[in-house]
Amino acid sequence: MTEDTEIPPVIDFKTKRRERLHVVHDARLEQMRSEFEKAFPLPSKANSKVGKSLKKKKKPRKS
């Protein structure tokens, strides 16, 4: 009788730890970005288009 035993996969703890730390740091970075955007909102591109369309045209001079 032949036993077919599968070798369990080798877990690289160093790589797994690096992946977890990367996820933690990304979450922290996203939190800091959202807080920064609340404190200093960036002007949106839509507002600049609205400002240009609201300019008044000059009236021609009467001679």
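Details of the structure are given in the entry above.
Figured I'd write up the structure that's included with this text. (Residues numbered from 1 in each chain as written. Predicted model: local features only at pLDDT ≥ 70, side-chain atom pairs only at ≥ 80, totals over all residues. Heavy atoms only, no water.)

With that settled, consider the overall build of the chain. Scanning the chain for helices and strands turns up two helices and zero strands. The buried share among the 63 residues of the chain stands at 0%. (Helix = DSSP H or I, 4+ residues; strand = E, 2+ residues; numbered from the N terminus. Buried < 20%, exposed > 50% of the residue type's maximum accessible area, 1.4 Å probe, protein only.)

Across all of its chains, the model carries one aromatic pair by this definition. An angle of 45° between the planes, with centres 5.2 Å apart, marks the rings of phenylalanine 36 and phenylalanine 40 as tilted. When its relative accessible area of 52% is taken as the criterion, phenylalanine 40 is described as exposed. (Phe/Tyr/Trp six-rings, centres within 6.5 Å; stacked < 30°, edge-to-face > 60°.)

A few words now on the pattern of salt bridges. Opposite charge on two side chains lets them pair, provided their charged atoms get close. The tally for this structure, following the rule as stated, stands at one salt bridge. With a closest N to O distance of 3.1 Å, arginine 33 and glutamate 30 form a salt bridge. With arginine 33 and glutamate 30 both in helix α1 (residues 13-39), this residue pair falls three residues apart, about one helical turn. Take arginine 33: its relative accessible area is 45%, and that puts it in the partly exposed class. (Salt bridge = Lys/Arg side-chain N within 4 Å of Asp/Glu carboxyl O.)

The next subject is the environment of glutamate 30. Under the relative-accessibility criterion, glutamate 30 is labelled partly exposed at 46%. Polar contacts involving the side chain of glutamate 30 include one to the side chain of arginine 33, which spans 3.1 Å. (Polar contact = N/O pair within 3.5 Å; in protein donor to acceptor, adjacent residues only side chain to side chain.)

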